[in-house]
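What follows is the residue order along each chain.
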Amino acid sequence: MFPYRIGYGYDVHRLVEGRRLWLCGVELKHSLGLLGHSDADVAIHALCDALLGAASLRDIGYHFPDSDAAYKGADSKLLLKEVCRLLRDKGYEIGNADVTIMAERPKINPHIPAMIKTLASVMQIDEEAISIKATTTERLGFTGREDGMAASAVALIYKSE
């Protein structure tokens, strides 16, 4: 078996009124927030799936089902922390993670340094091991209409033993 493994994650959440907007563990001021059972941090959810997939540990819904009241309104940073614990319990460390957020508004770029700092702290890895990018979809599709946001992530893990 190769000591390195790569995982990919993707998530989507609907934008609605009356919810706070969390992306990569940072609250952004916006007129809409993401709808979900937890805090609906679409970027952390994609990252969790990338990490879990790399370690063949299924997906975020398996570990934190929306049918479980314990995760109602949950802080996604806590879910990510638990995913990292699961990886380390299986003998893996995180090499790097690359996250892309797809949204028309608000502007993500000014928040990226805080997002990287937050994720690095939660994941217990160096800030230089995290890349966060944002893009619009040129007003096309559900993200372009601002019906929702999407995020994708890729993560490299390696055996620490």
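Coordinates for the structure precede this section.
So, here is what we can say about the structure in this document. (Residues numbered from 1 in each chain as written. Predicted model: local features only at pLDDT ≥ 70, side-chain atom pairs only at ≥ 80, totals over all residues. Heavy atoms only, no water.)

1. Some details on the packing of aromatic side chains
In step 1: Counted by the stated rule, this structure contains 2 aromatic pairs.
In step 2: Measuring from centroid to centroid gives 5.3 Å for F64 and Y71, while their planes differ by 80°, and the two rings are edge-to-face.
In step 3: Residue F64 is classed as buried on the basis of its relative accessible area of 10%.
In step 4: Taking NZ or CZ as reference, K159 lies 4.4 Å from the ring centre of Y92, over its face. (Phe/Tyr/Trp six-rings, centres within 6.5 Å; stacked < 30°, edge-to-face > 60°. Buried < 20%, exposed > 50% of the residue type's maximum accessible area, 1.4 Å probe, protein only. Lys NZ or Arg CZ within 6 Å of the ring centre and 35° of its normal.)

2. Overview of the state of the cysteines
In step 1: Inspection of every chain in the model, using the stated rule, returns 0 disulfides.
In step 2: Unpaired in terms of disulfides, C84 finds its nearest cysteine sulfur in C48, a separation of 7.4 Å.
In step 3: Classification of C84 by relative accessible area gives buried; the value is 2%. (Disulfide = S-S within 2.5 Å.)

3. What to know about unusual backbone geometry
For residues that are not glycine, phi is negative in most cases, and the peptide bond is trans in most cases.
In step 1: At the junction of R105 and P106, the peptide bond is cis and its omega measures out at -5° in the coordinates.
In step 2: Secondary-structure assignment places P106 in the loop between strand 5 (92-102) and helix 4 (112-123).
In step 3: For E138, which is not a glycine, the phi torsion comes out positive at approximately 55°.
In step 4: Secondary-structure assignment places E138 in the loop between strand 6 (130-135) and helix 5 (141-144).
In step 5: In this structure E138 comes out as exposed when scored by relative accessible area, which is 62%.
In step 6: Residue R139 is not a glycine yet carries a positive backbone phi of 65°.
In step 7: On the secondary structure map, R139 appears in the loop between strand 6 and helix 5. (Helix = DSSP H or I, 4+ residues; strand = E, 2+ residues; numbered from the N terminus.)

4. Digging into the sheet that holds strand 7 (residues 148-159)
In step 1: Spatially, 5 strands are ordered 4-1-7-5-6 in an open sheet, and the strand pairing comes out mixed. On the outer flanks of this sheet lie strand 4 (33-34) and strand 6, each paired with one strand and no other.
In step 2: Pairing of strand 5 with strand 6, which is carried by 6 bridges, proceeds in the parallel orientation. Bridging from a neighbouring strand, V99 pairs with I132 of strand 6.
In step 3: Seen against the sheet, helix 1 (residues 42-54) touches strand 1 (4-16), strand 4, strand 5 and strand 7 and runs at an angle of roughly 155° to strand 1.
In step 4: Against the sheet, helix 4 touches strand 5 and strand 6, its axis set at about 140° to strand 6. (Pairing = 2+ DSSP bridges. Contact = heavy atoms within 4.5 Å. Axes fitted to C-alpha atoms, helices over the stretch in contact; angles between N-to-C directions.)

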